[in-house]
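Topology and contacts: notes
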Amino acid sequence: MQRDPVLNLDIGVGNTIACHINLFLGTLTPMLKRRPDLKPVVERALRCDIYGNMLLTEIDHGLDITAMETEAIKVPDGYLLNTPHPGAAK
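Every residue gets a number counted from 1 within its own chain, in the order that chain's sequence is written. pLDDT decides what is reported in this predicted model: residues at 70 or higher carry local features, side-chain atom pairs at 80 or more are listed and counted, and totals for whole chains, interfaces and linings draw on all residues regardless. Note that water and hydrogens are dropped before the side-chain values are worked out from all heavy atoms of the structure.

Concerning the pairing of strand β1 (residues 71–75)
As a general feature of sheets, a regular strand has side chains that alternate between the two faces. Strands were regarded as paired on the criterion that DSSP finds at least two bridges between them. Numbering of helices and strands runs from the N terminus, with a helix taken as a DSSP run of H or I at least four residues long and a strand as a DSSP run of E at least two residues long. Where β1 meets strand β2 (residues 78–82), five bridges bridge the pair, whose relative direction is antiparallel. Within β2, the position partnered with A72 by the bridge is L81. Counted along the chain from β1 to the antiparallel partner β2, the turn is two residues long.

Quick notes on the nonpolar core
Within the largest apolar cluster, five residues are counted, these being L25, L28, L38, V42 and A45. Only α2 (11–28) and α3 (39–46) provide two or more residues apiece to this core. For L25, the contacting residues outside a window of four places in its chain are H20, P30, V42, A45 and L46. Here, the term nonpolar core denotes a set of buried Ala, Val, Leu, Ile, Met, Phe, Trp, Tyr and Cys residues that are joined through side-chain atoms within 4.5 Å. For each residue, the accessible area found with a 1.4 Å probe, counting protein chains only, is set against the maximum for its type, and the residue is called buried under 20%, exposed over 50%, and partly exposed in between. Should any heavy atoms of two residues lie within 4.5 Å, those residues are counted as being in contact.

Focus on the side chain of E58
Here E58 lies in the loop between α3 and β1. The residues contacting E58, other than those within four sequence positions of it, are A67, M68, E69, T70, G87, A88, A89 and K90.

A word on unusual backbone geometry
Unlike most non-glycine residues, C48 shows phi in positive territory, near 65 degrees. Note that C48 resides in the loop between α3 and β1.

Listed below in structure tokens is the structure:
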């Protein structure tokens, strides 16, 4: 899937695949020991029968993930999000 030539034509496809693997499967897979009921969902996602994703946009940048300006700064109890100007608002 990651070798499909469409990735060279549309960065959005690469983003979709990365989110599916890293965010969706990366979140559910570690939970399988505690939540065996999620196994069918993970199996379907691994076969790409279903896709999990999230959308994160900024007013000035739409879905162009490479232009996003918000920063996540690690702090002791989590993260602090810095939105540098109104155009970077979600």
